[in-house]
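Working through the structure, step by step
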Amino acid sequence: MKDKAIGALAGLCAGALALPAAADEIKVGLLLPYSGVYAALGNDIEAGFRLGLAAFADETEARFAIVREDTEVKPPVGLAKARKLVLDDQVDVIAGVVSSGVLGAIRDFVHNSGVPLIVANAGNDEATGEQCSPFITRMSFSNRQVNRPMGEWLHAQGVQKVYTIAPDYAAGRQMIGAFVDGFTAAGGEVVGQEFTPFQTTQDFGPYLAKARASGAEAVYAFFAGGEAISFVKQYDSFGLKEAMPLYGAGFLTSPLYVEAEGPAAEGVIAALHYVPTIENAANAAFVAAFQAETGRVPSEYAVQGYDAARALVQATATGAADRASLAQALAKVSFEGPRGPTAIDPATNNIVQPIYVYETVAGETGLTQKVLAQLPAEADPANGCTLSATN
Amino acid sequence: MDFGFWLFQTLNALQLSMLLFLLSVGLTVIFGLMHFVNLAHGALYAVGAYVAATVAGMVGYWAGLLVAPLIVAELGLLLYWLLIRRMRQSGPMAQVLVTFGLIFVLLDLTRIIWGDIALGIEVPDLLSGRIEIGGVTYPVYRLFIIALGAAIFAALALVLAHTQIGAMIRAGVDNDQMAACLGINVERLFLLVFCIGCALAGLAGAVAAPVLSVTPDMGLKILIPTLIVVVIGGLGSLWGAMAGSLIFGFVQTFGAVLMPGLASVLIYALLAAVLILRPAGLFPARG
């Protein structure tokens, strides 16, 4: 009798355990840096991602289980962790990837193993250009997308001569290259350029003197993280902000760390695909939920995680549940999100979204972002990507 | 490339030099006195910056500048009692490994306590703004860094050359066994120098915080320049630390402006040249 009861109990337990799997459990591998220079970004993306899964849970039958792995912002580690997620954990989909270097390292593995990857940050143009893959969908941004329209906008504001400065690595060169394309195509002139040694430059003083002597009307800069903070503060401390206004790719004054820049960031005008002060219903809901969860305003990194989760939910809502069908469904998502109309370009699997020009201004409780202009969404050129031909 | 340009860049170079001097002087004297390699010195600099940022946020900049060196010196004391005292006889390899590990322990501790998001502090009102010197407008705070570094150098030079404790330290650096035979408590002297070195690292962190960003990895970033300064200047010597810092600051600054393509290589080429021609550095403490 006792044995029978135990057997029945065991059966019940097994049944209970098996149930979630029956209801389409999607296993998600979060591949993010939780240590190293981009740890803050990784944590913000994860916070956004979890929030997104919770917020849109009602729209799908699927349930999600998350496995997280730390890339340490090192390409070889990222590749090892991607292998672990795919081969050991048997995940259905990977989301994350902050560094373009890590994305480059895992691209072939992801493509060949046929696991859908939702890129939640890395912006290198090749990932949705000549290196594009039907399994890689980008929900963040591309370097070109953020910077080229800003070049046109800045020239339209009457700025004729610009000096550019950025760290000397792939993303720095791509961002500045795209800006220069847009700015010179509109008729502007770049009077000088500087690429500073990446992650070893702490004192920008020597370069700032050159910028001042260049005869430019304004400076256009791309820096991110610690370098952005040092650069913006030093730019202001030398009194350049009054003489030559500072413009840049929006990471320069990201809400994630703009408070560390303090008053030095006031008046800096930058372009980005998201700022927390965008006015629409989806963003209001997102900002409120994120603040309730973390006590901070969301950054562009958080929204990338949030939208990556939403894209995944939308893909599963179409009935997709395995790797191949998820990859196909992900390439077709589109929604009105916190960033406005957000969709995937079927030609490259890159996101298409409006770009916001914003000024960092002093608000009631600290620095905030004043949106100056919303630049229309533009799909990147295919650049050798042959997705549309094969699909 | 007029006079203003050269003056401006010279001030930039001096500012960088003084910051490096505050860091390298502690490292080099600890090394010279006790042949102890403390790679965690850079991590102490980061802790100093974080403490300064926290205290500055609560009480104000000057309190942060005062408290940071004290806290870091306390931390140094703790490290000394827990680890370094036991490692004194274990040879440079073990010391390098242990203090290298310490870097990562301290780095993760700062991440756990202060988080991954960078912090910043504002320059105090007294030192904000710019003044004009020789036709160049230059930030007051950077001049303050130069003055502070020079003052600390002068104070240390005075103490080393003209006081009894200075004579004892010089004796210890020159020949620690003989100094011990003469009745100098070399171990206690070491502890004193170690704490002062740590305090200076904390001070450097506090001074750098308003100019740079306060991030967990700032200690790692500053470590290599500091080691280069120590090697170029010569182990164990105050003048070596100053000379090494000045050389590094000027090569780095003018390299960045005049030969941007070579800037990151120049200082390493110089380091290699010094190692080949004067393996003991430019001003070694021991003849």
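Rules used in this analysis
- Residues numbered from 1 in each chain as written.
- Chains lettered and ligands numbered in written order.
- Predicted model: local features only at pLDDT ≥ 70, side-chain atom pairs only at ≥ 80, totals over all residues.
- Helix = DSSP H or I, 4+ residues; strand = E, 2+ residues; numbered from the N terminus.
- Rg over C-alpha atoms; globule rule 2.2 N^0.38 Å.
- Buried ≥ 20, exposed ≤ 12 C-beta atoms within 10 Å, placed from the backbone.
- Contact = placed C-beta atoms within 7 Å.
- Pairing = 2+ DSSP bridges.
- UniProt positions renumbered as here; feature names shortened; annotations may be inferred.
- Axes fitted to C-alpha atoms, helices over the stretch in contact; angles between N-to-C directions.
- Nonpolar A, V, L, I, M, F, W, Y, C, P; charged D, E, K, R; others polar.
- pLDDT = per-residue confidence, 0-100.
- Parallel < 35°, antiparallel > 145°, perpendicular 65-115°, else oblique.
- Left-handed = near helix turned anticlockwise from the far one by under 90°.
- Domains from an automatic or database assignment.
- Core = buried A, V, L, I, M, F, W, Y, C linked by C-beta atoms within 7 Å.
- Expected span 1.5 Å × (residues − 1).
- Bend = angle between axes of the 7 residues up to and from the residue.

**Focus: the overall build of chain B**
Each helix and strand in chain B was counted, giving 11 helices and two strands. Ordered by position in the sequence, the α and β elements of chain B form the string α-α-α-α-β-β-α-α-α-α-α-α-α. Rg of the C-alpha trace for chain B: 19 Å, near the compact-globule value of 19 Å for 287 residues, within the 12% margin. The 287 residues of chain B split such that 50% are buried. Counting only contacts in chain B whose residues sit at least 6 apart along the sequence, the fraction spanning at least 24 positions is 76%.

**Some words on the pairing of strand E14 (residues 355–363) of chain A**
All names here are of chain A. Pairing of strand E10 (residues 269–272) with E14 involves four bridges; the strand directions are antiparallel. Along E14, the bridge assignment pairs Ile269 with Glu359. Pairing geometry for E14 and strand E15 (residues 366–375), over nine bridges, is antiparallel. Bridged to Tyr358 within E15 is Val371. Where E14 hands over to E15, the hairpin turn is made up of two residues, counted between the paired strands.

**Notes on the UniProt feature "domain: Leucine-binding protein" (unreviewed entry) in chain A**
Within this structure's numbering, the places UniProt gives as "domain: Leucine-binding protein" (unreviewed entry) are residues 25–361 of chain A. Secondary structure across residues 25–361 of chain A divides into 43% helix and 22% strand, with the first and last C-alpha atoms of the span separated by 45 Å.

**Some thoughts on the sheet that holds strand E5 (residues 136–138) of chain A**
Residue and element names in this part refer to chain A. Strand order across the open sheet formed by five strands is E2-E1-E3-E4-E5, with parallel pairing between neighbours. Each having just a single partner strand, strand E2 (63–70) and E5 make up the two edges of the open sheet. Across this sheet, the average inter-strand angle for adjacent strands is 25°, counted without regard to direction. By the bridge criterion, four bridges tie strand E1 (residues 25–32) to strand E3 (residues 93–96) in an arrangement that is parallel. Paired with Leu31 across the two strands is Gly96, which belongs to E3.

**Some details on the interface of chain B and chain A**
The partner chain A presents 28 residues to the 28 residues of chain B that form the contact. Looking at the side of chain B that touches chain A, the elements with two or more residues in it are helix H1 (3–34), strand E2 (136–139), helix H10 (238–258) and helix H11 (263–277) of chain B. No other element matches the five residues that H1(B) contributes to the side of chain B that touches chain A. Class assignment of the residues belonging to the side of chain B that touches chain A gives a composition of 14 nonpolar, eight polar and six charged.

**Considering the UniProt feature "transmembrane region" (unreviewed entry) in chain B**
Residue and element names in this part refer to chain B. According to UniProt, the "transmembrane region" (unreviewed entry) feature falls on residues 12–36, 43–61, 67–84, 96–121, 141–161, 189–210, 222–242 and 254–277. Span residues 67–84 is 100% helix and 0% strand, its end C-alpha atoms 24 Å apart. Counting secondary structure, residues 96–121 comes out at 73% helix and 0% strand; the distance between its end C-alpha atoms is 33 Å.

**Considering the confidence of the model for chain A**
All names here are of chain A. Per-chain confidence: chain A averages 89 in pLDDT, with 93% of residues scoring 70 or above. The weakest mean pLDDT in chain A belongs to helix H1 (residues 2–22) at 46; the strongest belongs to strand E8 (residues 218–221) at 96. Across residues 7–22, where pLDDT falls below 50, the model places two contacts with residues more than four positions away in sequence or in other chains.

**Considerations on the packing of helix H2 (residues 39–55) of chain A against helix H11 (residues 281–294) of chain A**
Residues and elements named next belong to chain A. For the pair H2 and H11, the least separation of the axes is 11 Å and the interaxial angle reads 120°. Our classification of the angle between H2 and H11 gives oblique. With respect to the hand of their crossing, H2 and H11 are arranged in right-handed fashion. Taken together, the residues of H11 that come into contact with H2 (itself represented by Ala47, Leu51 and Ala55) are Ala289, Phe290, Glu293 and Thr294. The residue inventory of the contact of H2 with H11, partitioned by class, reads five nonpolar, one polar and one charged.

**A few points about the domain arrangement of chain A**
All names here are of chain A. Here the domain parsing of chain A yields domain 1 (20–141 + 279–353) and domain 2 (144–272 + 356–375). Taken over C-alpha atoms, the centre of domain 1 sits 28 Å from the centre of domain 2. Domain 1 puts 12 residues into the contact, and the matching count from domain 2 is 11 residues. Elements supplying a minimum of two residues to the side of domain 1 that touches domain 2: H2 and helix H12 (300–317). Residue composition of the side of domain 1 that touches domain 2, by class: five nonpolar, four polar and three charged.

**Looking at the nonpolar core**
Grouped together as the largest cluster of nonpolar side chains are 219 residues, with contacts concentrated most on Ile118(A), Val219(A), Ala49(B), Ala52(B) and Val72(B). A per-element tally of this core places H1(B) first, with 18 residues. Two domains each provide a minimum of three residues to this core, namely domain 1 (20–141 + 279–353) and domain 2 (144–272 + 356–375) of chain A. The contacts of Ile118(A), once residues within four sequence positions are left out, are Val93(A), Ala95(A), Thr137(A), Met139(A), Ala308(A), Ala311(A), Leu312(A) and Leu330(A).

**A short note on helix H3 (residues 61–87) of chain B**
Residue and element names in this part refer to chain B. The end-to-end C-alpha separation of H3 is 37 Å, in line with the 39 Å expected for 27 residues at 1.5 Å each. Most pronounced at Tyr80, the bend in H3 amounts to some 55°. Buried residues along H3 sit in contact with helix H2 (41–58) and helix H8 (186–208).

**Quick notes on the sheet that holds E10(A)**
Whether parallel or antiparallel, the strands of a sheet pair through hydrogen bonds between backbone atoms. Residues and elements named next belong to chain A. Taken together, seven strands build an open sheet; the order of strands is E7-E6-E8-E9-E10-E14-E15 and the sheet is mixed. The strands lining the two open edges of the sheet, one partner per strand, are strand E7 (189–196) and E15. Neighbouring strand axes in the sheet, compared pairwise and without regard to direction, differ in orientation by 25° on average.

**Points about unusual backbone geometry**
Residues and elements named next belong to chain A. One non-glycine residue, Val97, lies in positive phi territory at about 70°. What makes Val97 buried here is the crowd of 33 C-beta atoms within 10 Å. Non-glycine residue Asn349 carries a positive phi angle of around 65°.

**Focus on the packing of H2(B) against H8(B)**
Residue and element names in this part refer to chain B. Axis separation between H2 and H8 bottoms out at 7 Å; the angle between their running directions is 50°. Regarding the angle of H2 to H8, the classification is oblique. The two elements H2 and H8 cross, and the hand of that crossing is right-handed. Contact residues: H2 offers His41, Leu44, Tyr45, Ala46, Val47, Gly48, Ala49 and Ala52, while H8 offers Cys198, Ala201, Gly202, Leu203, Ala204, Gly205, Ala206 and Ala208. Split by residue class, the contact of H2 with H8 holds 12 nonpolar, four polar and no charged.

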